[in-house]
Amino acid sequence: MTSTEPPTTDRADQQTAQEPAQEPAARPALRPTRQRRAVSEAMASFEDFRSAQEIHELLRNRGEAVGLATVYRTLQRLADAGEIDMLRSEDGEAIYRACSTTHHHHLVCRSCGRTVEVEGPAVERWTSAIAAEHGYGEVSHTLEIFGTCPACR
């Protein structure tokens, strides 16, 4: 016996060129593993940006048995989930920090790593103007400012 109904397909297969793509679903919350909790607690204990190696060392000093590869993986997942900020230092190293949830930029001391969150309304206006001038939409940007803080000068 054969069916006359068309085979079922998933939503992506049914989407046509005329139909706008749907927004992706929100990412599910990360499962709170022991290692993820340890890394999150470590992140909450400092205000500057730190490398994965520095965070791993902090965890070891606290007696936490979390491998360096797990620290890297956890930091990447937390950054992907928007729970922490990641930026590249001037020498290209990925560094991490727990940050506020509002859009902001960072002023980072290249000597000690002290970090100040700054808002930049002029940067936001400039970014929007440049995008509009070239016909771009859905624009995002990052801006990190590196200098030497007063304590390090």
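Please read all numbers here as calculations on a predicted model, not as lab measurements. (Residues numbered from 1 in each chain as written. Predicted model: local features only at pLDDT ≥ 70, side-chain atom pairs only at ≥ 80, totals over all residues. Heavy atoms only, no water.)

Chemist: Is there a simple way to think about unusual backbone geometry in this case?
Modeler: Leave glycine aside and you will find that most residues have negative phi; peptide bonds, for their part, are mostly trans. The phi dihedral of glutamate 138 is positive, around 50 degrees, even though this residue is not glycine. Within the secondary structure, glutamate 138 sits in the loop between helix H5 (121-133) and strand S6 (144-147). The exposure class of glutamate 138 is exposed, given its relative accessible area of 86%. (Helix = DSSP H or I, 4+ residues; strand = E, 2+ residues; numbered from the N terminus. Buried < 20%, exposed > 50% of the residue type's maximum accessible area, 1.4 Å probe, protein only.)

Chemist: Help me understand the environment of leucine 59, please; the structure alone is not making it clear to me.
Modeler: Relative to the helices and strands, leucine 59 resides in helix H3 (residues 52-61). Leucine 59 sits 17 residues away from alanine 42 along the chain, and the two C-alpha atoms are 6.9 Å apart. In this structure leucine 59 touches Ala38, Val39, Ala42, Glu64, Val66 and Val71, once residues within four positions along its chain are discounted. (Contact = heavy atoms within 4.5 Å.)

Chemist: Quick question: what am I supposed to make of the layout of surface pockets here?
Modeler: One way to see where empty space is left: roll a probe the size of a water molecule over the atoms. As a volume, the largest pocket reaches approximately 380 Å³. Among the elements of the structure, helix H4 (68-80), strand S2 (85-88) and strand S4 (105-109) are those that each provide at least two residues to the lining of the largest pocket. Considering every element that reaches the lining of the largest pocket, the biggest residue donor is S2, with three residues. When its residues are assigned to classes, the lining of the largest pocket shows six nonpolar, 11 polar and three charged. Residue lining of the second largest pocket: 17 residues in total, with Ser89, Ile95, Cys109, Arg110 and Gly113 positioned closest to the centre. (1 Å grid on protein atoms, 1.4 Å probe; cavity = no way out; pocket = protein on both sides within 12 Å on 5 of 7 lines; lining within 4 Å. Points joined across faces, edges and corners; volume = space filled by probe spheres on them. Nonpolar A, V, L, I, M, F, W, Y, C, P; charged D, E, K, R; others polar.)

Chemist: Whenever I open this one, H4 confuses me. Can you help?
Modeler: Owing to its 3.6 residues per turn, the α-helix brings residues three or four apart onto one side. Relative to the 18 Å expected for 13 residues at 1.5 Å per residue, H4 spans 18 Å between its end C-alpha atoms, a close match to the ideal helical length. Along H4, the positions that sit buried rather than exposed are Thr70, Val71, Thr74, Leu75 and Leu78. Along the axis of H4, the buried positions cluster into a sector of 130 degrees, meaning they face one direction only. Glycine 82, located one to two residues past H4, shows a positive phi value of around 75 degrees. (Expected span 1.5 Å × (residues − 1). Arc of directions from axis to C-beta.)

Chemist: I keep staring at the packing of helix H2 (residues 34-43) against H4 and nothing clicks. Help me out?
Modeler: In a packed pair of helices, the relevant descriptors are the angle between the two axes and the axis-to-axis distance. Running from amino to carboxyl end, H2 crosses H4 at an angle of 75 degrees, the nearest separation of the two axes being 10 Å. For the element pair H2 / H4, the angle class is roughly perpendicular. Two secondary-structure elements touch here, H2 through Gln35, Arg36, Val39, Ser40 and Met43 and H4 through Thr70, Val71, Thr74, Leu75, Arg77 and Leu78. (Axes fitted to C-alpha atoms, helices over the stretch in contact; angles between N-to-C directions. Parallel < 35°, antiparallel > 145°, perpendicular 65-115°, else oblique.)

Chemist: Help me understand the nonpolar core in this model?
Modeler: Most often, soluble globular proteins keep nonpolar side chains buried together rather than apart. Val39, Met43, Ile55, Leu59, Val71, Leu75 and Tyr96 are the most contacted members of the largest nonpolar core, which totals 15 residues. Broken down by secondary-structure element, the contributors of at least two residues to this core are H2, H3, H4 and strand S3 (94-97). In this structure leucine 75 touches Val39, Met43, Ala52, Ile55, Ile84 and Tyr96, once residues within four positions along its chain are discounted. One finds Leu87, Ile95, Cys99 and Val108 within the second-largest nonpolar core, a separate group that totals five residues. (Core = buried A, V, L, I, M, F, W, Y, C linked by side-chain atoms within 4.5 Å.)

Chemist: Where do I start with the packing of aromatic side chains in this structure?
Modeler: To describe a pair of aromatic rings, one takes the distance between the centres and the angle between the planes. Summed over all chains, the structure comprises zero aromatic pairs. A cation sits over an aromatic face here: arginine 50 above phenylalanine 46, 4.3 Å from the ring centre. (Phe/Tyr/Trp six-rings, centres within 6.5 Å; stacked < 30°, edge-to-face > 60°. Lys NZ or Arg CZ within 6 Å of the ring centre and 35° of its normal.)

Chemist: Quick question: what am I supposed to make of the pattern of salt bridges here?
Modeler: Side chains bearing opposite charge may pair, as long as their charged atoms lie close to each other. Taken as a whole and judged by the stated rule, the model has four salt bridges. Of the charged contacts in the structure, one is a salt bridge between glutamate 117 and arginine 97, with a shortest N-O distance of 3.4 Å. Placement of the pair is glutamate 117 in strand S5 (residues 115-118) and arginine 97 in strand S3, with a sequence separation of 20 residues. Exposure remark for glutamate 117: the relative accessible area of 30% places this residue in the partly exposed category. (Salt bridge = Lys/Arg side-chain N within 4 Å of Asp/Glu carboxyl O.)

Without other data, these values stay purely geometric and don't point to any function.
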